[in-house]
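This is what each chain is made of:
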Amino acid sequence: MDVVAGPRWEAFEEACRQVVAHLKAEIPFACWSVTLFDDDHQVHLWLDDDFYGLRRGHAQPLSETFCQYMVAGLAPQLAPDAMSVPRYAAAAEAAGMSIGAYAGVPIRDDDGELFGTLCGFDPEVRGEDLLRHGPLLRLMAGLLGRTEHVERRQNEAVVAVDELRWSAMHDPVTGLASRSVFLDALADRAARADAVGPQPALVLLSAGALRRVNAAHGEAVGDRLLSVVAQRLSEVLHPFDTVSRLAGEEFAILVHDAAALAATAACVDDALRAPVDLGGTAVPLAPVAGVALLDGADRDELLARARRARDGPARTGRVGGWIVLDPASSPGVAELRAALRSGSVDAAFQPIVRMSDGRLVAHEALARWTHDGVAVAPDVFVPLAAGAGLMAELTDRMLDQAAAQVAAWSRELGHRRLKVGVNVAPGLLLDPGFPDRVAERIRRYGLAPRQLVLEITEDALLDDLPRARAGADRLCALDVILCLDDVGSGYSSLLHLRHLPFEVVKVDRAFVDDIDSDPDARRFLAAVLTCGRDLGLRVVAEGVERAGQLDVLRSLGVDLVQGHHIGRPVRPDEVPRLFGRA
Ligand code: C2E
Ligand code: CA
Ligand code: CA
């Protein structure tokens, strides 16, 4: 501890000053001093004057000091005639000075730990009445010990709080700004898109080596790789740029000025070109980056866009090696936005039936967009909508169509048992307004809440599980049914199933495809089903194209089915008459 200079030792310093001044008034020695033991040295912390040529901070080997004897005995020493005590005479001689009187008391902290002395010297020999000052010296030393103790505790608390604050704000692996600090900064900056000054850009960069390294050398070595990448990024980025590690080997950079993107991309590419040396193994990096420009879209939207730019097929321009997804210039976005606003994106409905009695149970609403007389596939325009921040609009539009349609069918049927499924992008679980919009549709169209099934795909749910969970809970509280879509297509399904309140799972087409010809496919599906049932979930199989698949599904106990074999998605006016079927 730096007691001499540290600003944090103000109380102790002040106590030293006061104690020394008080002693000087009571016992007018030429020199009073508070000293500290620093290993085998005695350091003078506070000096009343420099009569003996001592300075603040002056350090002396313990073996040459007067105080060593007092310290050894742990008792105050008062020597009115110091040179008559042989050991003091020897010490004075060694130090090349002559002392008349000496007084010293050990200073201990509250734990009894010895840490210094309070001592005084005078060239004059004193009378025996010096001895009566023993209690005063002891009292003063006790006061210093106390003050030091209290202040040390305070300092330790300050350090602990500082450390806590540091670790809350930093990634423990790389020392970069923590994920939450970065996400907050991004949200904040995204909300001020029209602020004066340069337009920032979000870069999501994947280092492209972690999985290999973790698999071959273990996670500790993987962590070293990450900190090297972090270090290299920090070294080349502009001081106004912010960098963080969001997850795994995904680094996020908020480039303060999009105009500097090309230069930044070149520097970063350069910095990551050399392989990383991990204890003798040179690991090459294969970085890929996607960029989203801050243009008024919110944080989650920007993250989704940059991720899509990085992972998807390149849709728009490149800056250096970085792919920039600029929604404004993406072909089709303007047209898609116009189509959504004019109501020309609408729903096709595909039946879901119960095999045991052949009854129609539900329809899935699937978005359809015809542009310039050409049908654009959902696999094209749904990602386009996501990239342009139009998911909420698309979903609201589908909710309207689905709710209106199922309300009309319910009136025709005279009951409210027929359900309708609407696809909901997982990002909407994080949209705090979404549950209210769902509730509003239920009210407006007079639905029973359980007529509405929200089909949520599992990808990306992982991103912010606690918030996704909160959103899902609010939807659950409306009594709508939550269905996990495309189950089996990602390894994370189990995790989501455990954490989110799904009632139904829809097994992806890929796991239904070959079940009538491939015993392995059948076994795999059986395993997925067992898992679903263990978790108490109802199972729907989709993509049923042949009667042979139906037989296998029946033998495996799957009752709810959907697919071309049962019925293709069609516009409402082409849906076969429902009476007798639902
Ligand atoms: P999904 O939710 O898995 O929808 C099922 C897809 O499988 C639909 O494709 C449907 O037409 C197709 N399908 C149904 N039965 C069969 C079959 O027997 N064989 C084959 N080969 N295909 C079948 P679609 O309509 O092209 O939609 C593709 C994807 O686009 C959907 O997959 C969904 O992820 C997304 N999507 C469609 N509409 C919406 C929407 O309104 N909102 C959101 N967020 N996503 C949507
Ligand atoms: Ca679906
Ligand atoms: Ca599906």
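Every chain's residues receive numbers from 1 upward, in the order its sequence appears when written. Numbering of ligands from 1 and lettering of chains from A proceed in the order in which they are written. For this predicted model, a pLDDT threshold of at least 70 governs which residues receive local features, and a threshold of 80 or more governs which side-chain atom pairs are given and counted, while totals over whole chains, interfaces and linings are taken from all residues. As a rule here, side-chain values cover all heavy atoms of the structure and leave hydrogens and water aside.

## Focus on the sheet that holds strand β3 (residues 59–61)
Where we set the bar: Pairing between two strands requires that DSSP report at least two bridges joining them. The helix and strand labels rest on DSSP assignments: H or I over at least four residues marks a helix, E over at least two residues marks a strand, and numbering proceeds from the N terminus. Lines are fitted to the C-alpha atoms to define the axes, a helix being fitted only along its stretch in contact, and any angle between axes, read from their N-to-C directions, falls within 0 to 180 degrees. Should any heavy atoms of two residues lie within 4.5 Å, those residues are counted as being in contact.
Reading across the sheet, the 6 strands line up as β3-β2-β1-β6-β5-β4 and stay open at both edges, with antiparallel pairing between neighbours. Pairing within the sheet leaves two strands with one partner each, and these edge strands are β3 and β4 (77–79). Taking each pair of neighbouring strands and ignoring which way they run, the sheet shows an average axis angle of 25 degrees. Here β4 runs beside strand β5 (residues 101–108); their pairing, made up of 3 bridges, is antiparallel. Bridge pairing in β5 links Ala79 to Tyr102. Across the sheet, helix α1 (residues 10–26) touches β1 (31–38), β2 (41–47) and β6 (114–122), and the angle it forms with β2 is around 75 degrees.

## Side note on the packing of aromatic side chains
Convention followed: Any Phe, Tyr or Trp ring, taking Trp's six-membered ring, that has another such ring centre within 6.5 Å forms a pair; planes under 30 degrees apart are called stacked, those over 60 apart edge-to-face, and the others tilted. Three labels apply to residues, based on accessible area from a 1.4 Å probe with only protein chains included: buried if under 20% of the type maximum, exposed if over 50%, partly exposed otherwise in between. We call a charge positioned above a ring when the Lys NZ or Arg CZ atom is no farther than 6 Å from the ring centre and deviates by at most 35 degrees from the ring normal.
By the definition in use, this model includes 10 aromatic pairs. Between Tyr102 and Phe121, the ring centres sit 5.7 Å apart and the planes meet at 45 degrees, which makes this aromatic pair tilted. Taken together, the positions of Tyr102 in strand β5 and Phe121 in strand β6 put the pair 19 residues apart, joining distant regions of the chain. Judged by its relative accessible area of 0%, Tyr102 is buried. Here the guanidinium or amino end of Arg87 rests over the ring plane of Tyr88, the centre of that ring lying 5.9 Å away.

## Considerations on the domain arrangement of the protein
Quick note on the threshold: Residue ranges assigned to the domains are those given by an automatic or database domain assignment. Accessible-area loss on putting two parts together, using a 1.4 Å probe and summing over both, is the definition of buried area adopted here. Salt bridge, as applied in this entry: a Lys or Arg side-chain nitrogen positioned within 4 Å of an Asp or Glu carboxyl oxygen. N or O atoms within 3.5 Å of each other form a polar contact, as long as, within protein, one can give a hydrogen and the other can take it, and as long as residues adjacent in sequence are counted only when both atoms are side-chain atoms.
We note that the domain assignment places domain 1 (7–159), domain 2 (170–329) and domain 3 (333–581) within the protein. The distance between the C-alpha centroids of domain 2 and domain 3 comes to 34 Å. The interface of domain 2 with domain 3 comprises 9 residues on the first partner and 10 residues on the second. Of the roughly 740 Å² buried between domain 2 and domain 3, counting both surfaces, carbon and sulfur atoms make up 38%. At the boundary of domain 2 with domain 3, the tally comes to 1 salt bridge. For Asp300, the salt bridge identified is with Arg467, shortest N-O distance 3.7 Å. Inspection of the domain 2/domain 3 interface yields 1 residue pair in polar contact (both at pLDDT 80 or more). With 6 residues, the single largest contributor to the side of domain 2 that touches domain 3 is helix α9 (residues 299–311).

## So, unusual backbone geometry
Peptide bonds are trans in most cases, and residues, glycine excluded, mostly fall at negative phi. A positive phi angle is found at Asp479, which is not glycine, with a value near 75 degrees. Position of Asp479 among the secondary structure elements: in the loop between α14 (465–477) and β20 (481–487). Asp479 sits in the partly exposed class, given a relative accessible area of 36%.

## Section: the environment of Ala11
The topology assignment puts Ala11 in helix α1. A sequence separation of 473 residues divides Ala11 from Leu484, and the C-alpha atoms of the two residues are 62 Å apart. Discounting chain neighbours no more than four positions away, the residues touching Ala11 are Thr147 and Glu151.

## Focus on the coordination of the calcium ion (ligand 3)
Going by this rule: Only nitrogen, oxygen and sulfur atoms qualify as donors, and only when within 2.8 Å of the metal (3.2 Å in the case of Na, K and Ca); with water excluded, sites may look incomplete.
Coordination sphere of the calcium ion (ligand 3), protein contribution only: Asp485 (OD), Asp486 (OD), Glu542 (OE) and Glu542 (OE), at 2.1 to 3.0 Å. Sequence spacing of the donor residues for the calcium ion (ligand 3), all on one chain, is D-D-x55-E. Between the calcium ion (ligand 3) and the calcium ion (ligand 2), both coordinated by Asp485, there is a metal-metal distance of 3.9 Å. Here Glu542 lies in the loop between β22 (538–541) and α17 (547–555) and Asp486 lies in strand β20, a separation of 56 residues in the sequence.

## Let's talk about the site of ligand 1
What counts is decided by this rule: Proximity criterion: a residue is near a molecule or strand once any of its heavy atoms comes within 4 Å of it. Only the protein chains shown count as cover for residues, and all accessible areas are computed by the Shrake-Rupley method using a 1.4 Å probe. In the scheme used here, Gly and all other residues not listed as nonpolar or charged are polar, with Ala, Val, Leu, Ile, Met, Phe, Trp, Tyr, Cys and Pro taken as nonpolar and Asp, Glu, Lys and Arg as charged.
Gln350, Arg368, Arg509, Glu545 and His564 are the nearest of the 22 residues found near ligand 1. Contact distances for ligand 1 include 2.9 Å between an oxygen atom and a side-chain N or O atom of Arg368. Expressed as a share of its isolated accessible area of 790 Å², the protein-covered part of ligand 1 is 84%. Looking at the shell around ligand 1, the elements with two or more residues in it are β16 (360–371), α11 (378–387), α12 (391–413) and β20. For the shell around ligand 1, the per-class residue count stands at 9 nonpolar, 5 polar and 8 charged.

## Some words on the coordination of the calcium ion (ligand 2)
In this structure, Glu364 (OE), Asn423 (OD1), Glu455 (OE) and Asp485 (OD) serve as the protein donors to the calcium ion (ligand 2), at separations of 2.1 to 2.3 Å. Along the chain, the residues donating to the calcium ion (ligand 2) are arranged with the sequence spacing E-x58-N-x31-E-x29-D.

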